[in-house]
Amino acid sequence: MNFSSTGSTALRILAVAGLAIAGIAGNLVAAGDSDRHNHQIATFLGGPGHEYWQQKVDYVISVKLDDKKQYITGDAQITYNNNSPYTLNYLWFQLDQNRFSLNSVSQLADATELTEDIIQSLSAGYAPELGKMGSGGYRKLVLSTIDGNNLQTIQVGTLMRVNLPKPLKPEDQITIEAEWEFPIIDAELPYSRGGFEHFPDDDNYLYGIAQWYPRPVAFSEEQGWHTQPYLGKGEFASELGDFEVNISVPKGYIVAATGQLTNPKSVLSGQQLERLSRARTSQHPVFIVTPEEALLAQQNKYADHQVWTFTAKSVRDFAFAASRKFIWDAMSFQLDDSNRSIMAMSFYPNDAGSLWPKLATRTLVKTLSVLSKKLTTYPYPTIQAVNGPIKGGIEYPMITFNGPRPEAKRIDGVGDEFTNEHYLTSLLIHETIHSYFPGIINIDERSHGWVDEGLTSLYQTIVEKSVDPKYPSLFSAQNTIERLRQTALSPVVEEADNLRNVFDVHYIKASAHFSVLRNLILGPELFDISLQEFSRIWSFRRPTPEHLFLAIESASGKKLDWFWDTWFKSSDTLDFGIKSSAPLSLSGQNSTAETGDLTYQIEIEKLGGLVAPLPIRISLATGKDLLWTVPVDAWRLGNNTIRRSITVSQPAKVITLDPDNLTLDINQSNNSIVFLHDDSKRAPTSQTVP
Ligand SMILES: [Zn+2]
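Owing to the predicted nature of the structure, the values given are computational and were not obtained by experimental measurement. (Residues numbered from 1 in each chain as written. Predicted model: local features only at pLDDT ≥ 70, side-chain atom pairs only at ≥ 80, totals over all residues. Heavy atoms only, no water.)

## Some remarks on the overall build of the chain
Selection criterion: By the criteria applied, helices consist of DSSP H or I runs no shorter than four residues and strands consist of E runs no shorter than two, each listed in order from the N terminus. Throughout this description, buried means an accessible area under 20% of the type-specific maximum (1.4 Å probe, protein chains only), exposed means over 50%, and partly exposed covers the range between. Any pair of residues with heavy atoms lying within 4.5 Å of one another is described as a contacting pair. Accessible surface is estimated by sampling points in the Shrake-Rupley manner with a 1.4 Å probe; for residues, cover comes only from the protein chains shown.
Counting its regular elements, the chain contains 17 helices and 32 strands. Here the chain holds 690 residues, and 57% of them are scored as buried. Considering only residue pairs separated by 6 or more positions, the chain has 72% of its internal contacts joining residues 24 or more positions apart. When the accessible area of the chain is evaluated, it comes to approximately 28700 Å², of which 51% is carbon and sulfur surface.

## Some points on the sheet that holds strand S13 (residues 241-250)
Pairing between sheet strands relies on hydrogen bonds along the backbone, with the strands arranged either parallel or antiparallel. This is how the line gets drawn: By definition, two strands form a pair when at least two bridges between them are found by DSSP.
Spatial strand order, S4-S7-S2-S1-S13-S17-S15: 7 strands in an open sheet with mixed pairing. A strand with exactly one partner marks an edge of an open sheet, and here the two such strands are strand S4 (140-145) and strand S15 (260-261). Relative to strand S7 (residues 173-183), S4 is paired through 6 bridges, and the arrangement is antiparallel. The residue bridging Leu141 from the neighbouring strand is Trp180, located in S7.

## Some details on the nonpolar core
Basically, it comes down to this: In plain words, nonpolar cores are sets of buried Ala, Val, Leu, Ile, Met, Phe, Trp, Tyr and Cys residues tied together by side-chain atoms within 4.5 Å. Delimitation of the domains relies on an automatic or database domain assignment.
Formed by 183 residues in total, the largest nonpolar core has its most connected members in Trp180, Trp212, Phe320 and Phe437. For this core, the element with the most residues is helix H13 (residues 502-522), which contributes 12 residues. Structurally, this core is a two-domain feature, drawing no fewer than three residues from each of domain 1 (54-185 + 209-239) and domain 2 (576-688). Excluding residues within four positions of it along the chain, Trp212 makes contact with Ile61, Val63, Tyr138, Trp180, Phe182, Val245, Phe318, Ala319 and Phe320.

## Looking at the coordination of the zinc ion
This is how it is decided: Only nitrogen, oxygen and sulfur atoms qualify as donors, and only when within 2.8 Å of the metal (3.2 Å in the case of Na, K and Ca); with water excluded, sites may look incomplete. Between 85 and 135 degrees for all angles marks four donors as tetrahedral; over 155 degrees for opposite donors together with 65 to 115 for all other angles marks four donors as square planar and six as octahedral; every other arrangement is irregular.
For the zinc ion, the full set of protein donor atoms is His430 (NE2), His434 (NE2), Glu453 (OE) and Glu453 (OE), at a range of 2.0 to 2.7 Å. One can describe the site at the zinc ion as irregular: its 4 donor atoms subtend angles covering 53 to 153 degrees at the metal. By relative accessible area, which is 2% here, His434 ends up buried.

## Some thoughts on helix H9 (residues 420-433)
Which entries qualify depends on this criterion: Take the number of residues in a helix, subtract one, and multiply by 1.5 Å to get its expected span.
Between its first and last C-alpha atoms H9 spans 20 Å; for 14 residues at 1.5 Å apiece the expected length is 20 Å, and the two agree. Counted residue by residue, H9 has 12 buried out of 14 residues, so it is predominantly covered. Inspection of H9 places Asn420, His422, Leu424, Thr425, Ser426, Leu427, Leu428, Ile429, His430, Glu431, Thr432 and Ile433 among the buried residues, and these make up the whole buried set.

## Describing the packing of aromatic side chains
Rule in force here: Stacked, edge-to-face and tilted labels apply to pairs of Phe, Tyr and Trp rings (six-membered ring for Trp) whose centres lie within 6.5 Å, assigned for plane angles under 30 degrees, over 60, and everything in between, in that order. Only lysine NZ and arginine CZ atoms are considered, and such an atom sits over a ring when it is within 6 Å of the ring centre and within 35 degrees of the ring normal.
Evaluation of the coordinates by the stated rule reveals 40 aromatic pairs. An aromatic cluster is present here, built from Trp450, Phe514, Phe549, Trp562, Phe563, Trp564, Trp567 and Phe568 joined pairwise through their rings. Sitting above the plane of the Tyr302 ring, Lys251 keeps its charged end 4.5 Å from the centroid.

## Considerations on the pairing of strand S5 (residues 153-156)
The pairing of S5 with strand S6 (residues 159-168) spans 4 bridges and is antiparallel. Bridge pairing in S6 places Thr153 opposite Val162. Remark: 2 residues form the turn of the hairpin made by S5 and S6, two consecutive strands paired antiparallel; Gly157 in that turn has positive phi of roughly 65 degrees.

## Here we look at the sheet that holds strand S3 (residues 88-94)
Strand order in the open sheet formed by 4 strands is S5-S6-S3-S10, and the pairing between neighbours is antiparallel. The open sheet terminates on both sides in strands that have one partner only, identified here as S5 and strand S10 (215-216).

## Observations regarding the side chain of Thr400
Worth spelling out the cut-off: The term polar contact refers here to a pair of N or O atoms within 3.5 Å; inside protein, the definition further demands a hydrogen-donor-capable atom paired with an acceptor-capable atom, and it admits residues adjacent in sequence only when both atoms are side-chain atoms.
Examined against the element boundaries, Thr400 turns out to sit in strand S23 (residues 399-402). Residue classification places Thr400 among the buried positions, given a relative accessible area of 1%. Separated by 3.0 Å, the side chains of Thr400 and Asn402 make a polar contact. Not counting chain neighbours up to four residues away, the residues in contact with Thr400 comprise Gln384, Ala385, Val386, Ile394, Glu395, Glu431 and Thr432.

## Digging into the pattern of salt bridges
What counts, and what does not: The salt bridge definition used is simple: a Lys or Arg side-chain nitrogen within 4 Å of an Asp or Glu carboxyl oxygen.
Tallied over the entire structure, the rule returns 27 salt bridges. Arg536 serves as the salt-bridge partner of Glu533, at 3.0 Å between the closest nitrogen and oxygen. With a gap of 3 residues between them, Glu533 and Arg536 both fall in helix H14 (residues 524-538), about one helical turn apart. The class of Glu533 is partly exposed, set by a relative accessible area of 30%. Here Lys569 and Asp565 are joined by a salt bridge, their closest N and O atoms 3.4 Å apart. Taking the relative accessible area as the measure of exposure, Lys569 reaches 6% and is therefore buried. In the salt-bridge network here, residues are joined through shared partners; they are Lys56, Asp58, Asp242 and Lys313.

## Comments concerning the environment of Asp329
Mapping Asp329 onto the fold places it in strand S19 (residues 327-334). According to the relative accessible area criterion, Asp329 is buried, its value standing at 3%. Here the alpha-carbon distance between Asp329 and Ala279, two residues 50 residues apart in the chain, equals 8.4 Å. A polar contact is formed between the side chain of Asp329 and the side chain of Tyr348, at a distance of 2.6 Å.

## Comments concerning the side chain of Asn442
Relative to the elements of secondary structure, Asn442 occurs in the loop between helix H10 (435-440) and helix H11 (445-467). In this view, Asn442 contacts Ser238, Leu240, Arg316, Arg541, Arg542 and Pro543; residues no more than four positions away in its chain are not counted.

## Some thoughts on the packing of H13 against helix H16 (residues 561-568)
Definition in use: Working convention: axes come from line fits to C-alpha atoms, limited for helices to the stretch in contact. Angles between N-to-C directions cover 0 to 180 degrees. Should an angle fall under 35 degrees it is called roughly parallel, over 145 degrees roughly antiparallel, and 65 to 115 degrees roughly perpendicular, with every other angle called oblique. By convention, the crossing between two helices is left-handed when the near helix turns anticlockwise from the far helix through less than a right angle, and right-handed when the turn is clockwise. Charged residues are taken to be Asp, Glu, Lys and Arg, nonpolar residues to be Ala, Val, Leu, Ile, Met, Phe, Trp, Tyr, Cys and Pro, and polar residues to be all remaining types, Gly included.
For the pair H13 and H16, interaxial distance at closest approach is 11 Å and the crossing angle is 150 degrees. Taken as axis vectors, H13 and H16 run roughly antiparallel relative to one another. As for how H13 packs across H16, the hand of that crossing is right-handed. In contact with Ala510, His513, Phe514, Val516, Leu517 and Ile521 of H13, H16 contributes Trp562, Phe563, Trp564, Trp567 and Phe568. Classifying every residue of the contact of H13 with H16 by side-chain character gives 10 nonpolar, 1 polar and no charged.

## Examining the pairing of strand S28 (residues 625-630)
Both strand S27 (residues 614-620) and S28 contribute to a ladder of 6 bridges, which runs antiparallel. Pairing of Arg617 across the sheet is with Leu627, part of S28. Connecting S27 to the next strand, S28, in antiparallel fashion are 4 residues, including Gly623 with a positive phi near 100 degrees.

## Brief notes about the confidence of the model for the chain
The following threshold applies: Each residue carries a pLDDT value, the predictor's own confidence for that position, ranging from 0 to 100.
With 84% of its residues at a pLDDT of 70 or more, the chain shows a mean pLDDT of 86. The low-confidence segment residues 1-37, where pLDDT is below 50, has 41 contacts with residues more than four positions distant or belonging to other chains. Here residues 580-593 is a poorly scored stretch, pLDDT under 50, and it has 29 contacts once near neighbours within four places are set aside; other chains count.

## Here we look at H16
Applicable threshold: Throughout, the arc means the angular range of directions from the helix axis out to the C-beta atoms.
Looking only at H16, the buried set comprises Phe563, Trp564, Trp567 and Phe568. Along the long axis of H16, the arc covered by the buried residues comes to 100 degrees, so they all point the same way. The elements touched by buried residues of H16 are H11, H13 and helix H15 (545-556).

## Some details on the packing of H11 against H15
Orientation of H11 relative to H15, taken along the N-to-C sense of each, is 35 degrees, at an axis distance of 10 Å. Note on element contacts: H15 touches H11 through Pro545, Leu548 and Phe549, opposite His448, Trp450 and Val451.

## Quick notes on unusual backbone geometry
Between Gly388 and Pro389 the backbone carries a cis peptide bond, its omega angle lying at -10 degrees. Relative to the helices and strands, Pro389 is located in the loop between strand S21 (382-387) and strand S22 (393-396). Put simply, Phe437 and Pro438 share a cis peptide bond, and its omega is 15 degrees. Secondary-structure assignment places Pro438 in helix H10. Within the chain, Ser314 stands out as a residue other than glycine whose phi angle is a positive 50 degrees. The residue Ser314 is located in strand S17 (residues 305-315) in this model. The phi angle at Asp658 is positive, at roughly 45 degrees, despite the residue not being glycine. Taking relative accessible area as the criterion, Asp658 reaches 4% and is therefore assigned buried.

Have a look at this one:
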């Protein structure tokens, strides 16, 4: 285990990158076996090679939600298809709920102070001092073959090894029966990503149920079993598959879930059915359950249950939300010429405030419309946003949980520009973009959380600007520079569980570095077609960061090893300066007597570890601006300074490095030189701008 800022992931990726480079060079001569093997898994185009494989897991699940005890009881048939070339004697399963059990690693590692009392009660199996955190975890979990023989299992924290009755050969499948129970956690727990929310005024609950069934650990050629434990910060890695889920809830509950409802006639009233069919052709949100009906429903606490059935194909996970309190609105939209209609829906209690009915469903439609053009057409039949039960936001296939319940008024203390409306809009956009990263492009978030958060945060800004070009985006260059200045941040590629400040590194810094690539190095056009290609070739597959790098290089025609190795894999920052400790001697100027032209010598210094193409602006005394960019190749020889002489016909007033803040230069105080002109002598003196 390595908790340092250049931890295991960074080193491993560097090692893989080294292999890939050696492989390309080697292949031109005579590739070694291991190199050839790698290229069969991923091609030189950055896409899956002809021997790429991934496992598939299909589920038929029945689950009962007990709203008196806040308890889940489930059973399932889980069919594991071994598409790998390897014979498997055992499978690993993920038991995410065990993170909330008393003795979980996450729990014990986070406990700030262990007293003798706590240790004693831990040994006894219950430590009330540790609070609600130890309240969860599987209470029952039995796996068996379809002929009823229990499978031998070993639980290892949030993982479970399942020994198979006989070896599972390539192209074979096995169906495993599972039965389980666990108490639903309070959604207020740190990194809960689901759970229950209680409304004391009317004694109702809102449930967001996630990480709620035993599922196989991801298995891949690159990584084998992805057995990183679930500690809280690192999100998920799982196999794609098909689901049929039968959800038993008390009558009067409304259920939202991954996929499509297949038995609406059994669970909806005639009026609700009629409204739903109207929503299927409506271009604006239609209430399926009105605010008034939701208020009525929360008063009628029926004991008997009814079953809502959902199906979903090619998804990496399945989550659902349920409450008596849900208002439900829906509309339909189309993304291409195929006449395929997608349903956008939102579910929120009356407590959600006035902005949810106004913004939520429309924001889902807007986001997917932009992404379907920028990346690849959204392939699923529904997209849904739920308000609650958690505070922030979390994504699951076709459904996201979003905390904010804002009124349409400004938030005090965070500036005039960023309103409650922006906060809710940005969160909905962000979580919806996760439908792509990691929803469609099935990245292992626990190992490579920076890819999905970085790309999602980058596209968040792109969608925001398409909503409103003046949108006050959180992930702006200036906000990032402020953060980079305040504190040294770990390399972007570090795993989330090894980071103190995941938001700073995986969201702000990663997205800013992607935007340097987009706006400065490749330009938006090349970047966008590269990501479009990456999204197309990796839809419903699991790429690694190296695949992303290779796909971008292949589609853009630019070799970018220098960029990946430094901007993503180091903790360096960028600081260009006009060298100016003694202004006259270091940036002097000469006048050419015959023409009257002026030549300026400027010397640029690299003070941080990073380099980038460097835009330079010369503002002439006449008011005219001259702009050019020094390519990154100027630093190829490992030099720390470059010199340029520039001849202009009019005196320069100011020379500015990176005038539009595209390089994330953390020290802008050394980026300009102002020339003070003395007409009588025609020999300007210069000084740097403080
Ligand atoms: Zn995110």
